[in-house]
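So the chains spell out like this:
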Amino acid sequence: MSLETSKPVALKYRVLHVVRLAIASITRFFFSLYYGTEGEKLPPITDEILKLPAVEVAKKIRKKEISSVEVVEACIRRIKDINSVVNCFVEDRFTLSLKEAKEADDLIRNGSKNEKQIEQEKPFLGVPFTTKDCIAVKGLHHTSGVVLRKDVIAEDDADVIKLLRDKGAIIIGLTNVPELCMWWETHNHIYGRTNNPYNTTRIVGGSSGGEGCIQAAAGSVFGVGSDIGGSIRMPAFFNGIFGHKPSRNIVSNNGQYPEPESELHDSFLGIGPMTRHAIDLKPLLNIMAGENSKKLNLDNEVDIKQLKVFYQFSNDAPLTDAVDPEIIAAMKKVVEFLNVKHKIEAKEIKIDLQKSVPIWMSTMKNEKKFGHFIMESESVLGICKEIFKNLIGCSGNTLIGLFTSLVDYSGPQIGSEKYKKYLKKRDEMEKTFKDILGDNGLLLYPTHPTTAPYHNEPIFKAMNFSYTAIINCLGLPSTTVPLGLSREGLPIGVQVIANHNNDRLCLAMAEELDAAFGGWIEPHQNQK
């Protein structure tokens, strides 16, 4: 059967779409009654140093205007202030980080290296950061939210953590993730659920949800996330920060769990920076990419006026929500801004992205089933038994993790004709993007069709992640950029997509839009 949708199948999709929207509307009503409109309030940020970009914090430490110990202590205070409200931080190394901060201060004060040398050799000396609990940090737990791994301790740092520590940054702890990092709400049965700092009745996204939350709440100076279907960009969007998914095969995935099972999986899983300020993205990516950084030409100046800009408001995919009018309005403001300031005539395009979900799900197919990683018995019968145990509160697995394990038995199997056709469709789509974007093109595209849903609501909107997932399949770089708050006080934004290894274009546009639209907004400022 062709991948082109026949009339009966198209009718079935339309019916399913209408039914899903009806269910989503009804469940939204009941969620709003259950949760109400307001959540628990976050305390304001009292340490002004936490509001600054990481590059500015590093500069102040080098210039002895503030000590690394003081910055680490500020992060510790902030984490203790917020974590009972948002539950984003799951394990600390505070004692070790304070020791490393003192060593950084001693290096600066002993005069063995001057300020310029330190800037060149260790540009983030003394700057504290966090990472998600699927990226290994030596001596800390490495669970990926899986109960079967609750006692696993990392024996070494992941490559990206080593690179950042080599440049002077100080890792202070781990942030929360969904079970096996395979859902877009952050919740597991080891550490529990993470709440959105702008409204604690809402989700933080996943799988880098804890990291998105701690950045929005200013609990660390910068963060590290990973992205296989939007796991950096959705949390960045829901939490009103910047998040960059690099081009394929640029940042090493060594030290992540689960490890990519094939070169294909490795190519669309990416580690990247998550920050409150766009100016931090480029220097952090430069370090995180290691030797591959030279492929990105990050030092090449980007002239915004010379860029070609395209935009698309929707993927029109079955079983996804329509894009919120406030998100579309924000995108239109970006288009207008680029026209007024830079004389860029952005062009609306219509790439056929309706097959985003089946393409991603086919690309994600693995010889090992999802259940293999989260439970002792991965058979269909074993999964069904575990679902029953979950319903009576006796399972170590989340309900969505178990449903995902069941779904993994469906769809095109590796090597089947349908599987090959979806991969071919993906390759054709990648060529379409490459031809449109060229060497100086950017696409403005929704990160997600709605603002942050209520807790558990993603179950009824499961396919909304398709806006980010398809970009992983294509291996393209993408940066989520915050564009203010909705009428409900929730972050909105856009993702900026470029051609392979043109990450610098995304980052330059992120900096431009940060300056123009205000970027990150402290959550407390919006809470009455």
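Check the entry above for the structure.
Report on the accompanying structure. Within every chain, residues take consecutive numbers counted from 1 along the sequence as written. Note on the predicted model: pLDDT of at least 70 is required for a residue's local features to be given, and 80 or more for side-chain atom pairs to be given and counted; whole-chain, interface and lining totals, by contrast, use all residues. To get the side-chain values, all heavy atoms of the structure are used, and hydrogens and water are removed first.

1. Quick notes on the overall build of the chain
Working step 1: Secondary structure elements follow DSSP: runs of H or I of four or more residues count as helices, runs of E of two or more count as strands, with numbering from the N terminus. Across its full length, the chain carries 18 helices and 13 strands.
Working step 2: With C-alpha atoms as the basis for the radius of gyration, the globule rule is written as 2.2 Å multiplied by the number of residues raised to the power 0.38. Relative to the 2.2 N^0.38 estimate, which gives 24 Å for 528 residues, the radius of gyration of the chain is 22 Å and therefore close to what a compact globule would have.
Working step 3: Considering only C-alpha atoms, the chain reaches an extent of 75 × 60 × 50 Å along its principal axes.
Working step 4: Looking at the chain as a whole, 59% of its 528 residues qualify as buried.
Working step 5: Throughout, a contact is declared for two residues whenever any of their heavy atoms are within 4.5 Å. For the chain, contacts bridging at least 24 residues in sequence account for 78% of all contacts bridging at least 6. Remark: exposure states derive from per-residue accessible area (1.4 Å probe, protein chains only) relative to the maximum for the residue type, with buried under 20%, exposed over 50%, and partly exposed in between.

2. Section: the packing of helix 12 (residues 356-364) against helix 17 (residues 466-474)
To characterise two packed helices, one gives the angle between the axes of the helices and the distance between these axes.
Working step 1: The contact between helix 12 and helix 17 brings their axes to 9 Å, and the two run at 50°. With respect to their mutual orientation, helix 12 and helix 17 come out oblique. Along this stretch, helix 12 crosses helix 17, giving a crossing that reads as left-handed. The residues of helix 17 that touch helix 12, namely those facing Ser-356, Val-357, Ile-359, Trp-360 and Thr-363, are Ser-466, Ala-469, Ile-470 and Cys-473.
Working step 2: Residues are grouped as follows: nonpolar covers Ala, Val, Leu, Ile, Met, Phe, Trp, Tyr, Cys and Pro; charged covers Asp, Glu, Lys and Arg; every other residue, Gly included, is treated as polar. Classifying every residue of the contact of helix 12 with helix 17 gives six nonpolar, three polar and no charged. Here an angle of 0 to 180 degrees is reported between the N-to-C directions of two axes, which are lines fitted to C-alpha atoms, with helices fitted over the stretch in contact. Here the word oblique covers every angle except those under 35 degrees (roughly parallel), over 145 (roughly antiparallel) and from 65 to 115 (roughly perpendicular). Handedness of a crossing is defined here by the sense of rotation of the near helix relative to the far one, left-handed for an anticlockwise turn of less than a right angle and right-handed for a clockwise turn.

3. Digging into the pairing of strand 2 (residues 128-132)
Working step 1: Most of strand 2 sits inside the fold, with five of its five residues counted as buried.
Working step 2: Across the two faces of strand 2 the burial is the same, with Pro-128, Thr-130 and Lys-132 and Phe-129 and Thr-131 all buried.
Working step 3: When DSSP finds two or more bridges between two strands, those strands count as paired. Judged from the five bridges that link them, strand 2 and strand 3 (residues 170-175) form a sheet pairing that is parallel. Across the sheet, Pro-128 pairs through a bridge with Ile-170, a residue of strand 3.
Working step 4: By the bridge criterion, three bridges tie strand 2 to strand 6 (residues 222-227) in an arrangement that is parallel.

4. A few points about the environment of Ala-516
Working step 1: By secondary structure assignment, the location of Ala-516 is in helix 18 (residues 503-517).
Working step 2: As for Ala-516 and Cys-394, which are separated by 122 residues in sequence, their C-alpha atoms are 51 Å apart.

5. Details of the environment of Val-19
Working step 1: In this fold, Val-19 is placed in helix 1 (residues 7-35).
Working step 2: Since its relative accessible area comes to 43%, Val-19 is described here as partly exposed.

6. A word on the packing of helix 12 against helix 16 (residues 417-437)
Working step 1: Between helix 12 and helix 16, the least distance of the axes is 9 Å, while the angle of their chain directions is 115°. The angle between helix 12 and helix 16 places the two elements in the roughly perpendicular class. Where helix 12 crosses over helix 16, the two elements pack in a sense that is left-handed. Across the interface between the two elements, Pro-358, Ile-359, Ser-362 and Thr-363 of helix 12 pack against Tyr-419, Tyr-422, Leu-423, Lys-425, Arg-426 and Met-429 of helix 16.
Working step 2: Residues of the contact of helix 12 with helix 16, tallied by class, amount to six nonpolar, two polar and two charged.

7. Let's talk about the nonpolar core
Working step 1: Side-chain atoms within 4.5 Å link the members of a nonpolar core, which is a set of buried Ala, Val, Leu, Ile, Met, Phe, Trp, Tyr and Cys residues. Among the nonpolar cores identified, the biggest contains 142 residues, and Val-160 and Leu-164 are the most heavily contacted of them.
Working step 2: It is helix 3 (residues 68-86) that provides the largest number of residues to this core, a total of ten residues.
Working step 3: Leaving out residues up to four positions away in the same chain, Val-160 has contacts with Ile-135, Val-224, Val-251, Ile-271 and Met-288.
Working step 4: Counting residues in each nonpolar core, the second largest holds ten residues, with Leu-180, Met-375, Ile-383 and Ile-387 among its members.

8. Some words on the packing of aromatic side chains
Working step 1: Within 6.5 Å between ring centres, the rings of Phe, Tyr and Trp (the latter by its six-membered ring) count as paired, and their orientation is classed by plane angle as stacked under 30 degrees, edge-to-face over 60, tilted in between. What the rule picks out here adds up to 17 aromatic pairs.
Working step 2: Where Tyr-35 meets Tyr-454, the ring centres are 5.6 Å apart and the plane angle is 5°; that geometry is what we call stacked. With a gap of 419 residues between them, Tyr-35 in helix 1 and Tyr-454 in the loop between strand 11 (441-445) and helix 17 connect regions that are remote in the sequence.
Working step 3: Note on Tyr-35: relative accessible area 22%, which makes it partly exposed.
Working step 4: Looking at Tyr-454, the relative accessible area reads 3%, which means it is buried.
Working step 5: Ring pairing ties together the aromatic residues Phe-31, Tyr-34, Tyr-35, Tyr-454 and Phe-460, which thus form one cluster.
Working step 6: Consider the ring centre and the ring normal. A charge sits over the ring if Lys NZ or Arg CZ is within 6 Å of that centre and within 35 degrees of that normal. A cation over a ring is seen here: Arg-149 above Tyr-257, with NZ or CZ 3.6 Å from the ring centre.

9. Brief notes about the pattern of salt bridges
Working step 1: Salt bridges are counted wherever a side-chain nitrogen of Lys or Arg sits within 4 Å of a carboxyl oxygen of Asp or Glu. The full count for this structure, using the stated rule, is 32 salt bridges.
Working step 2: Across the pair Asp-227 and Arg-233 runs a salt bridge, and its minimum N-O distance is 2.9 Å. A single burial state applies to Asp-227 and to Arg-233, both of which are buried.
Working step 3: Across the pair Arg-487 and Glu-326 runs a salt bridge, and its minimum N-O distance is 3.7 Å. Taken together, the residues span a long stretch of sequence, with Arg-487 in the loop between strand 12 (478-485) and strand 13 (491-498) and Glu-326 in helix 11 (residues 325-342) at a distance of 161 residues.
Working step 4: Overall, the relative accessible area of 74% leaves Arg-487 in the exposed class.
Working step 5: Judged by relative accessible area, Glu-326 falls into the buried class, the value being 18%.
Working step 6: One continuous salt-bridge network, built from bridges that share partners, spans Arg-28, Asp-321, Glu-457 and Lys-461.

10. Let's talk about helix 18
Working step 1: Residue count minus one, scaled by 1.5 Å, sets the expected span of a helix. Relative to the 21 Å expected for 15 residues at 1.5 Å per residue, helix 18 spans 21 Å between its end C-alpha atoms, a close match to the ideal helical length.
Working step 2: The element helix 18 is largely enclosed, with a buried count of eleven among its 15 residues.
Working step 3: For helix 18, the complete set of buried residues consists of Asp-503, Arg-504, Leu-505, Cys-506, Leu-507, Ala-508, Met-509, Ala-510, Glu-512, Leu-513 and Asp-514.
Working step 4: Gly-518 sits one or two positions beyond helix 18 and adopts a positive phi of about 95°.

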